[in-house]
Amino acid sequence: MDLALITARQVLILFLMILAGFVCGRTGAIKPEGKKTLSKLLLYLVLPAMILDSYLIQFDAATFENLLLAFGLSAALMLGGGVVAVLATLKSKSPDRTMVRFACIFSNAGYMGIPLIRALYGETGVLFASAFLTVFNILVWTIGYVMISGQMEPKAVLRSIVTCPSIIAVAAGLIIYLGRVPVPGVLVETVGLVGDMNTPISMIITGLTMADRDLRALLKNRDLPLVMGLRLVVIPLVCLAVLRLLGVRGIVADIVLLLEACPTAAITTVFAVRFSKSEDLAAGSVVFTTLASMIWLPVYALLVSAV
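A quick note: this is a predicted structure, and the numbers were derived from the prediction, not measured. (Residues numbered from 1 in each chain as written. Predicted model: local features only at pLDDT ≥ 70, side-chain atom pairs only at ≥ 80, totals over all residues. Heavy atoms only, no water.)

A short note on the overall build of the chain
Link 1 in the chain: Across its full length, the chain holds 14 helices and zero strands.
Link 2 in the chain: From first element to last, N terminus to C terminus, the chain shows the α and β order α-α-α-α-α-α-α-α-α-α-α-α-α-α.
Link 3 in the chain: With respect to the three principal axes, the spread of C-alpha positions in the chain is 55 × 50 × 45 Å.
Link 4 in the chain: A burial count over the chain gives 50% of its 307 residues as buried.
Link 5 in the chain: Sequence separation of at least 24 residues holds for 86% of the intrachain contacts in the chain that already meet a minimum separation of 6.
Link 6 in the chain: As displayed, the chain has an accessible area near 13700 Å², and 67% of this comes from carbon and sulfur atoms. (Helix = DSSP H or I, 4+ residues; strand = E, 2+ residues; numbered from the N terminus. Buried < 20%, exposed > 50% of the residue type's maximum accessible area, 1.4 Å probe, protein only. Contact = heavy atoms within 4.5 Å. Areas by Shrake-Rupley, 256 points an atom, 1.4 Å probe, with all protein chains shown as cover.)

Below, the structure written as structure tokens:
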């Protein structure tokens, strides 16, 4: 119950930051080009700094074993979620079936998940969450890319993976962590301060994204209820049930479950625009699963602590 209450409080804080971004967007205080600048700042500097900061700790064998477990569980849950999404849409005749599957498979672990995990579990939580984010980026630029584009471009996919700032930060962090490389205190403090900007910037960008759209028009998409049901209810509950049946418990399992229970990934709209898919469905999935997650994330925090 304590975890659920803490989660509810943190989600409320995140919502208020989203609201601030929404107001800034609707009033014109932050222009569309400002959103792009913030997004680049987050992607290329702030998020990598926060991930790197989580690795600037003393090496511990037990922590490393849990980190490996986080990688394994992240891959298992994301692939499992993909299986659920495919099976649930096998009989769908919607022309946007592929976009529905993409929106259901990939959660917003970067923008929504990591700020929440950091608030709940601190830097150790971010360390394990970085494993999820690494697996996410690999899968989204391989399986996800092929799903939406309908083609496989090995060189382009490989380039996207090896140049992903978050993956580079994980690689650098692992080298420092496993090699026990000493890092000057002033550098550690600088990286930490830059990483501290992740939560407010992420939430403001989410609010700006909502401000860009006609919310009533987005609600009219017929596939939106299916996406919301699968992304927020079916996939997280199936993952929770499977882990509990297998007897997998603990902080790592709880963190991965909460990240898997996050709303639709923001990159869904990016892929929709890039490959001329349903932009309304993509935007609606991101916006309304994010709003609904304000209720569902505390529910899952209660479930992982009680079940």
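Next comes the rest of the write-up.
Some details on the nonpolar core
Link 1 in the chain: Membership of the largest hydrophobic core comes to 84 residues, with the highest contact counts inside it found for Phe106, Phe136, Ile267 and Phe271.
Link 2 in the chain: It is helix α5 (residues 109-149) that contributes the most residues to this core, 21 residues altogether.
Link 3 in the chain: Residues in contact with Phe271, not counting those within four places in the same chain, are Phe102, Val140, Trp141, Gly144, Tyr145 and Ile148.
Link 4 in the chain: If you look at the next biggest cluster of nonpolar residues, it comprises seven residues, including Leu42, Val46, Val191 and Val194. (Core = buried A, V, L, I, M, F, W, Y, C linked by side-chain atoms within 4.5 Å.)

Looking at the packing of aromatic side chains
Link 1 in the chain: Tallied over the full model, the rule gives 10 aromatic pairs.
Link 2 in the chain: Look at Phe102 and Phe106: their rings are 4.8 Å apart centre to centre, the planes differ by 50°, and that puts the pair in the tilted class. One exposure class covers both Phe102 and Phe106, and it is buried.
Link 3 in the chain: Through a chain of ring-to-ring contacts, the aromatic side chains of Phe102, Phe106, Phe136, Trp141, Tyr145 and Phe271 assemble into a single cluster. (Phe/Tyr/Trp six-rings, centres within 6.5 Å; stacked < 30°, edge-to-face > 60°.)

Describing the packing of helix α4 (residues 97-105) against α5
Link 1 in the chain: As a packed pair, α4 and α5 sit with axes 9 Å apart at the nearest point and diverge in direction by 160°. Judged by the inter-axis angle, α4 sits roughly antiparallel to α5. Helix-helix and strand crossings are classified by hand; for α4 and α5 the assignment is left-handed. Side by side, α4 and α5 meet where Thr98, Met99, Arg101, Phe102 and Ile105 of the first sit next to Val140, Gly144, Met147 and Ile148 of the second.
Link 2 in the chain: Its residues assigned to classes, the contact of α4 with α5 shows six nonpolar, two polar and one charged. (Axes fitted to C-alpha atoms, helices over the stretch in contact; angles between N-to-C directions. Parallel < 35°, antiparallel > 145°, perpendicular 65-115°, else oblique. Left-handed = near helix turned anticlockwise from the far one by under 90°. Nonpolar A, V, L, I, M, F, W, Y, C, P; charged D, E, K, R; others polar.)

Quick look at the pattern of salt bridges
Link 1 in the chain: What the rule picks out here adds up to five salt bridges.
Link 2 in the chain: The partner of Asp196 in a salt bridge is Arg118, and the shortest N-O contact between them spans 2.6 Å. Within this pair, whereas Asp196 is found in the loop between α8 (185-195) and α9 (198-211), its partner Arg118 is found in helix α5, the two being separated by 78 residues in sequence.
Link 3 in the chain: In this structure Arg118 comes out as buried when scored by relative accessible area, which is 16%. (Salt bridge = Lys/Arg side-chain N within 4 Å of Asp/Glu carboxyl O.)

Description of the environment of Ser276
Link 1 in the chain: Among the structural elements, Ser276 can be located in the loop between α13 (267-274) and α14 (279-306).
Link 2 in the chain: Under the relative-accessibility criterion, Ser276 is labelled exposed at 65%.
Link 3 in the chain: Counting along the chain gives 139 residues from Ser276 to Asn137, while the straight-line C-alpha distance between them is 21 Å.

Observations regarding the side chain of Ser107
Link 1 in the chain: Tracing the sequence through the fold places Ser107 in the loop between α4 and α5.
Link 2 in the chain: Among residues more than four places away in sequence, those in contact with Ser107 are Phe132, Phe136, Arg231, Leu259, Glu260, Cys262, Pro263, Thr264 and Ala265.

Re the packing of α5 against helix α12 (residues 251-260)
Link 1 in the chain: As a packed pair, α5 and α12 sit with axes 9 Å apart at the nearest point and diverge in direction by 170°. On the basis of their axis angle, the class for α5 and α12 is roughly antiparallel. Listed contacts from α12 to Ala109, Gly113, Ile114, Ile117, Leu120, Tyr121, Gly125, Phe128, Ala129 and Phe132 of α5 are Ile251, Val252, Asp254, Ile255, Val256, Leu258, Leu259 and Glu260.
Link 2 in the chain: In the contact of α5 with α12, the residues fall into 14 nonpolar, two polar and two charged.

Here we look at α8
Link 1 in the chain: When α8 is considered as a whole, its buried residues turn out to be Val191, Gly192, Val194 and Gly195. Here the buried residues of α8 occupy an arc of 165° about the axis, which is enough to place them on one side. The exposed set on the far side of α8, more than 90 degrees from its buried face, consists of Gly185, Val186, Glu189 and Leu193.
Link 2 in the chain: For α8, the secondary structure elements touched by its buried residues are α2 (32-55), α5 and α9. (Arc of directions from axis to C-beta.)

As for the environment of Lys36
Link 1 in the chain: With respect to the helices and strands, the residue Lys36 is situated in helix α2.
Link 2 in the chain: Separated by 169 residues in the primary sequence, Lys36 and Ile205 place their C-alpha atoms 8.8 Å from one another.

Remarks on a nonpolar patch on the surface
Link 1 in the chain: Taken together, the side chains of Leu12, Phe15, Leu16, Leu19 and Val23 define a hydrophobic patch exposed on the protein surface, amounting to about 410 Å² of accessible area.
Link 2 in the chain: Looking at the secondary structure, you find Leu16 in helix α1 (residues 2-27). (Patch = residues over 30% accessible without salt bridge, like charges linked within 9 Å, V, L, I, M, F, W, Y side chains within 5 Å.)

Describing the environment of Pro263
Link 1 in the chain: Along the chain, the position of Pro263 falls in the loop between α12 and α13.
Link 2 in the chain: Sequence-wise, Pro263 and Ser107 are 156 residues apart; in three dimensions their C-alpha atoms are separated by 5.4 Å.
Link 3 in the chain: The residues touching Pro263, leaving out its near neighbours within four places in the chain, are Phe106, Ser107, Asn108, Met112, Arg231, Leu232, Thr289, Thr290 and Ser293.

This is a description of form; function is not addressed.
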